[in-house]
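So you can see what is in the structure, the chains are spelled out below.
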Amino acid sequence: MPLSDFQPVIGLEVHAQLLTKSKIFCGCSTEFGAEPNRNTCPVCLGLPGVLPVLNQRVMEFAVRTGLALGCTIKKTSIWSRKNYFYPDLPKGYQITQFDQPICEWGKLTIDTPEGEKVIRIRRIHMEEDAGKSVHDVAVGESLVDLNRAGVPLLEIVSEPDLRSADEAVEYLKSLRDVLVYLGVNDGNMEEGSFRCDANVSVMRKGETQYGTRVELKNINSFRFIKQAIEYEIGRHVEVIESGGKIDQETRLWDTQRYESRSMRSKEEAHDYRYFPEPDLPPLHVPDALIDQMAQGLPELPRPKLQRFMSQYGLPAYDAKLLCAERPLAEFFEACAQHSKDYKKLSNWFQGELARLLNESGGAVTISTLKFTPAQLAELLTAVEKGTLSNNAAKDVLGEMFRTGKAPDAIIAEKGLAQVSDTGAVEAVVDEILAKNAGEVEKYRAGKKQIFGFFVGQVMKAMKGKGNPTLVNDLLKKKLGD
Amino acid sequence: MELTDLSMLELAAKLAAGEVSSVEATRACLARAAQVDGKVKAFLRLDEKGALAAAEASDARRKAGNPASPLDGVPIGLKDIFLTEGVETTCASRILEGFIPPYDGTVVSLLKQAGLPIVGKLNMDEFAMGSSNEGSAYGPTHNPWALDRTPGGSSGGSAAAVAAREVFGALGTDTGGSIRQPAAFTNLVGIKPTYGRVSRYGVIAYASSLDQVGPMARTVADTAALLQLIARHDPLDSTSAPVEAPDYREDLEGGVRGLKLGVPREYFIEGMDPEVEAKVRQAMAAYERLGATLVEVSLPHTKYALATYYLLAPAEASSNLARYDGVRYGLRAKDAKGLREMYGLSRDRGFGSEVKRRIMLGTYALSAGYYDAYYVRAQKVRTLIRQDFAKAFEQVDAILSPTSPVPAFKLGEKTDNPLAMYLMDVFTLPCNLAGLPGLSLPCGFTKSNLPIGLQILGKPFDEARLLRIARAFEREHDYSRRLAPL
Amino acid sequence: MKLTIEQVRHVANLARLSLTPEEEQRYATQLSAVLDAVAQLQELDLSGVEPTSHATLASSLLREDVTRPSLPPEKGLANAPSKVGTSFAVPKIIE
């Protein structure tokens, strides 16, 4: 039976590092990149006698995320210990939430070729991250850095509602956008602050029982997610078709060989011996906090996207680009207050503005622009009115970007104002045509290619400041076309 | 009379009056330790330098008229379960041999701020698991009242050091009776406060939902004064109660007139030493004469407390002791080949047999397939035990019982039989499970001059009343004044 | 309740304790005795009883999201059995 007779079934588990200043249970900094074990203290080192105290911002971020994803916020949730031995797990257990997480049953809507699809989110809970081990530096040894131990994580678990690798990628991107919009996570898969494990199985179409599922780990980019899931689906189908059985196991994605491998040394399944964490009382979320977080929710990516399309009449492509980052969308809307040609505005955002930002190599972001939305709008209005040519406007924008000077100041300084006064241009056109009677005759006789000569002469006389459209129109009129 | 025969408050009075200096008192303790600790073996290590420096600072403060607390300058000892910065802390285990903490636990900081010199770290049962101090990896401690007998455990070193007058007072910890039972065996007053009354930050964890820190001293007033210094909320401990402590000495002499004292019928069991039972009953009669009313109460689930404790405490311990893996500190088996072996050998060699037994028991109780039958079931029985006490305390203000079914037993008598050892805690365990405060008070001696302890259990955060009830008895009898013949 | 040696080995493995054969035997006997003693809990009817998982009266203690000084690596690693630079060193972890 071919692949098309099988239905892939995919569920995703995301671990998102939270953008708090300090760790979840101690005051160490969460800043990335410090020398090993520089951001550690007795608590996150797991020294004897230490105890955890919850960072309230972690709870706030969890509630905010739960609300944004339409979850039920549990007024009471419990912390649990997940017990296992590993060098980067200092206490020999991870403090997490096992049977009573803080948020449950939410959803995320994604776009698929077949239309909108709702993916259910089973649960969201808080937990602490483990440290890091590196294996290739010293011979026969692994080195352990606990800077990351204790960094707060949100674990977001979806129901197995996804039916293809593309849907999985779409879900991840949408989820990441929500988290970044909320300001709780920086969405960086490569650096490991947004991590994803996939649970993959297949079932024959028409069947009601899910197949055996496999967990895929170690995937740190959207591209790899797609590859890994597609590979795994294919592998499942192949095994089943050839009469075999899928083992329930954890597999790693090999980014060099483009295949998944079973993790060795899993002779015994982990028995994590979960039990309620006695050092932390049950977590009570006050109604006031839920209300506060609900009030403070920003417009989320998907509603904003839809609004951009309807309110500004922008095509989906434009809207997507503009809404990719909240600050960008907000800057656009601020400009849109003043400049009503939204499509043109969008073009400038995608064109010149994007180019300038890219060229700065990240040194300048939309949030650190030296000019204001009103000023950008002013610039575009000048182009619209015809007092500035498109090319000149690009120059002005560049100058605004570099110096923050107001557009009219730059235009005046550089004498870039374009002449769009019909009378003035007409006068020059008449003059040029009068001076070049011979060419005029040649043109009228059929040598149409000299048109450019006239344009050039007019522009030269006007020192380049003639409104090109106007010059063209008037010349054509006068030359009798 | 030796300087070291004084109580904490008697010494404090002399310090305040300028009659004696803290340095003298500290030197006296060190001299006493040099004299008797070879036989008692209460200390794991002395911190002469640190203690004398603290004593000097105290004397300077007193001269400037600026004492840091009522007990400024009174030398004490700490069970080796408290992390002391720069001073080796082992929890009486080989797995922490040579471990030098980089921080002070909260109660240690509080005592240092209050100006008490810390003479040294005291022996205990390894990881606080035991009732005789024979579980120490560094050898047992001997009871100053009879050197061939145990001082009790797990705070055996703390008890012995105070009873032998090597220190004026000490801190211990109590998870199932480890302050009260040694206090009873050595003629001391010891109190396990309400769970959450004293910070656990910087106290090596055994069973997180049961452990509590408490003072041990020779008089009720001393115990109250020492408790006062450590009874406060700690923002570093999420289980620390946000309840302010009253002045424990304010109404210490208030007496027991009008109080109802419960006598639990389930606490007078077969197998109890008849001398213990007799002395405890005499004490109860004494309370009646002092104006209290005895009321028989029932705590019907008492007989399940032992089983409940010996499932829950090891379960929590098995998790708390997972951090001793040889990775970041502590013993690491250098001959191990590979990580797995490193874990296994380090832990097998570093932990003593009682610790390993409890880790295994706890791991088993939490493991897949057994969690509901053991751990959850035990937590439910714990609820029933709490409810028993809540009901009883609707009728009475405090509950009286023997602290231990027997007086101090001989060293080696119970070491071959873990279960027999566990039975030592039958009267003390239930109040840890219920999170309630419990105190042990000297109430007499056996014919062979072994101390006997009376236990007083109270409502949550009712330590002041327990101390008052204890004082009422102490005032009428001279048991506390008797000193160990060493 | 008699524990088999296999069960003892399984539990010792979970707890990362490399027991000697003598220890395995000894603990099998001793643990079995304890489990027999705690079996009395099975005789209780616990329907409707909630487990007490927390002893404390305190409700959630929360900390403000501000950084506090960390321990310098020299102090944090002072008791390390083996280190390389400011990292803890362990025998190589094989996945």
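Note that this is a predicted model, so its numbers are computed, not measured. (Residues numbered from 1 in each chain as written. Chains lettered and ligands numbered in written order. Predicted model: local features only at pLDDT ≥ 70, side-chain atom pairs only at ≥ 80, totals over all residues.)

For chain A, the count of helices and strands is 16 helices and 17 strands. For chain A, the C-alpha radius of gyration of 31 Å lies well beyond 23 Å, the compact-globule estimate for 481 residues. C-alpha extents for chain A along the principal axes are approximately 95 × 55 × 50 Å. Of all 481 residues assigned to chain A, the portion counted as buried reaches 42%. Summarising the internal contacts of chain A: among those between residues at least 6 apart in sequence, 69% fall at separations of at least 24. (Helix = DSSP H or I, 4+ residues; strand = E, 2+ residues; numbered from the N terminus. Rg over C-alpha atoms; globule rule 2.2 N^0.38 Å. Buried ≥ 20, exposed ≤ 12 C-beta atoms within 10 Å, placed from the backbone. Contact = placed C-beta atoms within 7 Å.)

Along the backbone of chain C there are three helices and three strands. The order of helices and strands in chain C, counted from the N terminus, is α-α-β-α-β-β. Relative to its length of 95 residues, chain C is extended, with a C-alpha radius of gyration of 22 Å against a globular reference of 12 Å. Its C-alpha atoms give chain C principal-axis dimensions of about 55 × 45 × 25 Å. In chain C, which comprises 95 residues, the share counted as buried stands at 37%.

Moving on, we get to the interface of chain B and chain C. The interface of chain B with chain C comprises 55 residues on the first partner and 41 residues on the second. Counting residues per element, the ones that place at least two in the side of chain B that touches chain C are helix 9 (305-320), helix 10 (339-350), helix 11 (353-366), helix 12 (372-395) and helix 13 (418-422) of chain B. Of all the elements, helix 12 of chain B adds the most residues to the side of chain B that touches chain C, at ten residues.

This part covers the interface of chain A and chain B. Facing 24 residues of chain A, the contacting portion of chain B comprises 31 residues. A breakdown of the residues in the side of chain A that touches chain B according to their chemical character gives 15 nonpolar, four polar and five charged. (Nonpolar A, V, L, I, M, F, W, Y, C, P; charged D, E, K, R; others polar.)

This next bit is on the sheet that holds strand 2 (residues 76-79) of chain B. Residue and element names in this part refer to chain B. Spatially, 1-3-2-4-6-5-10-11-9-7-8 is the arrangement adopted by the eleven strands of the open sheet, whose pairing is mixed. Of all the strands in the sheet, the pair left with one neighbour each is strand 1 (43-46) and strand 8 (293-297). Strand-to-strand twist of the sheet, defined as the mean angle between neighbouring strand axes without regard to direction, takes the value 30°. As defined by bridge partners, strand 7 (residues 260-264) adjoins strand 9 (residues 398-402) across two bridges and the pair is classed as parallel. Note that in strand 9 the partner of G262 across the bridge is I399. (Pairing = 2+ DSSP bridges. Axes fitted to C-alpha atoms, helices over the stretch in contact; angles between N-to-C directions.)

Let us look at the packing of helix 13 (residues 422-435) of chain A against helix 15 (residues 451-461) of chain A. Residue and element names in this part refer to chain A. Taken N-terminus to C-terminus, the directions of helix 13 and helix 15 make an angle of 125°; their axes are 10 Å apart at the nearest point. Between helix 13 and helix 15, the angle is such that the two are oblique. Considering how the two elements wind past one another, helix 13 and helix 15 form a crossing that is right-handed. Of helix 15, the residues touching helix 13 (which contributes V428, V429, E431 and I432) are F454, Q457, V458 and A461. For the contact of helix 13 with helix 15, a count of residues per class yields six nonpolar, one polar and one charged. (Parallel < 35°, antiparallel > 145°, perpendicular 65-115°, else oblique. Left-handed = near helix turned anticlockwise from the far one by under 90°.)

For the rest of this paragraph, the subject is the domain arrangement of chain A. Frequently, the measure chosen for interface size is the accessible area removed from exposure when the parts meet. Per the domain assignment, the segments making up chain A are domain 1 (3-289), domain 2 (299-414) and domain 3 (422-479). Using only C-alpha atoms to locate each centre, domain 2 of chain A and domain 3 of chain A end up separated by 34 Å. (Domains from an automatic or database assignment.)

So, about the pairing of strand 8 of chain B. Residue and element names in this part refer to chain B. Examined bridge by bridge, strand 7 and strand 8 share five bridges and lie parallel to one another. Bridge pairing in strand 8 places G262 opposite V295. With respect to chirality, the unit in which strand 7 leads through helix 8 (residues 274-289) into the neighbouring parallel strand 8 is right-handed. (Right-handed = clockwise from strand over helix to strand, strands pointing away.)

A separate point is helix 11 (residues 390-403) of chain A. Residue and element names in this part refer to chain A. Its 14 residues place the ends of helix 11 20 Å apart at the C-alpha level, agreeing with the 20 Å of an ideal helix rising 1.5 Å per residue. Among the residues of helix 11, those classed as buried are A392, A393, V396, L397, M400 and F401. Those residues of helix 11 hidden inside the fold are in contact with helix 9 (342-359), helix 10 (373-385) and helix 12 (407-414). Once helix 11 ends, the next one or two residues include G404, with phi positive near 80°. (Expected span 1.5 Å × (residues − 1).)

Residues and elements named next belong to chain B. Here the amide bond leading from G153 into S154 is cis, since omega sits at 10°, within 30 degrees of zero. Of note in the backbone geometry, N133 takes a positive phi value of approximately 70° without being a glycine. Within the element layout of this structure, N133 appears in the loop between strand 3 (118-122) and helix 5 (156-163).

This part covers the confidence of the model for chain C. Confidence along chain C averages 92 in pLDDT terms, with 97% of residues attaining 70 or more. For this predicted complex, the interface score ipTM comes out at 0.96, while the overall pTM is 0.92. (pLDDT = per-residue confidence, 0-100.)

All names here are of chain A. Secondary-structure assignment places F349 in helix 9. Classification of F349 as buried rests on a count of 20 C-beta atoms within 10 Å. Along the chain, F349 and F332 lie 17 residues apart, while their C-alpha atoms are 8.0 Å from each other. Ignoring anything within four residues of it in the chain, the contact list for F349 reads L322, F332 and A354.

Before going further, it helps to spend a moment on the sheet that holds strand 5 (residues 80-83) of chain A. Residue and element names in this part refer to chain A. One open sheet accounts for three strands, arranged 6-5-16; its pairing is antiparallel. Whereas interior strands pair on both sides, the edge strands pair on one side only; in this sheet they are strand 6 (93-96) and strand 16 (275-276). As defined by bridge partners, strand 5 adjoins strand 6 across four bridges and the pair is classed as antiparallel. Across the sheet, residue N83 finds its bridge partner in strand 6, namely Y93.

Residues and elements named next belong to chain B. Judged by how many residues are buried, helix 5 sits mostly within the fold: eight of eight residues are covered. Those residues of helix 5 lying buried are G156, G157, S158, A159, A160, A161, V162 and A163. Downstream of helix 5 by one or two residues, R165 has phi in the positive range, about 60°.

With 270 residues, the main nonpolar core has A62, A168 and A198 of chain A together with M8, L311, I456 and A470 of chain B as its most contacted residues. Discounting residues that sit within four places of it in the chain, I456 of chain B has contacts with A398, L400, L439, L441, L466, I469 and A470 of chain B. Judged by nonpolar contacts, the second largest core, of 28 residues, contains L345, L376, V396 and L397 of chain A. (Core = buried A, V, L, I, M, F, W, Y, C linked by C-beta atoms within 7 Å.)

With that settled, consider the environment of G214 of chain B. All names here are of chain B. Locating G214 in the fold gives a position in strand 6 (residues 212-217). On the neighbour-count criterion, G214 (31 C-beta atoms within 10 Å) is buried. On a C-alpha basis, the gap between G214 and G190 in space is 7.1 Å, while along the polypeptide they are 24 residues apart. For G214, the residues in contact, after removing those within four places along its chain, are G172, D174, I179, G190, I191, K192, P193 and V198.

All names here are of chain B. Of all eight residues making up strand 11 (residues 451-458), eight are buried, and the element is well covered by its neighbours. Residues P451, G453, Q455 and L457 point to one face of strand 11 and I452, L454, I456 and G458 to the other, with burial holding for every one of them. When strand 9 meets strand 11, the two strands line up antiparallel, connected through five bridges. Bridging from a neighbouring strand, P402 pairs with L454 of strand 11. The pairing of strand 10 (residues 438-445) with strand 11 spans seven bridges and is antiparallel. Bridging from a neighbouring strand, G438 pairs with L457 of strand 11. The turn linking strand 10 back onto strand 11 is made up of five residues, and N449 within it adopts a positive phi angle of 65°.

The subject of this paragraph is the environment of L146 of chain A. All names here are of chain A. With respect to the helices and strands, the residue L146 is situated in the loop between strand 10 (141-145) and strand 11 (152-158). A count of 29 C-beta atoms within 10 Å places L146 in the buried class. A C-alpha to C-alpha distance of 8.4 Å links L146 and L89, two positions 57 residues apart in sequence. Not counting residues within four places of it along the chain, the set of residues in contact with L146 comprises N37, T40, C44, L45, P90 and G131.

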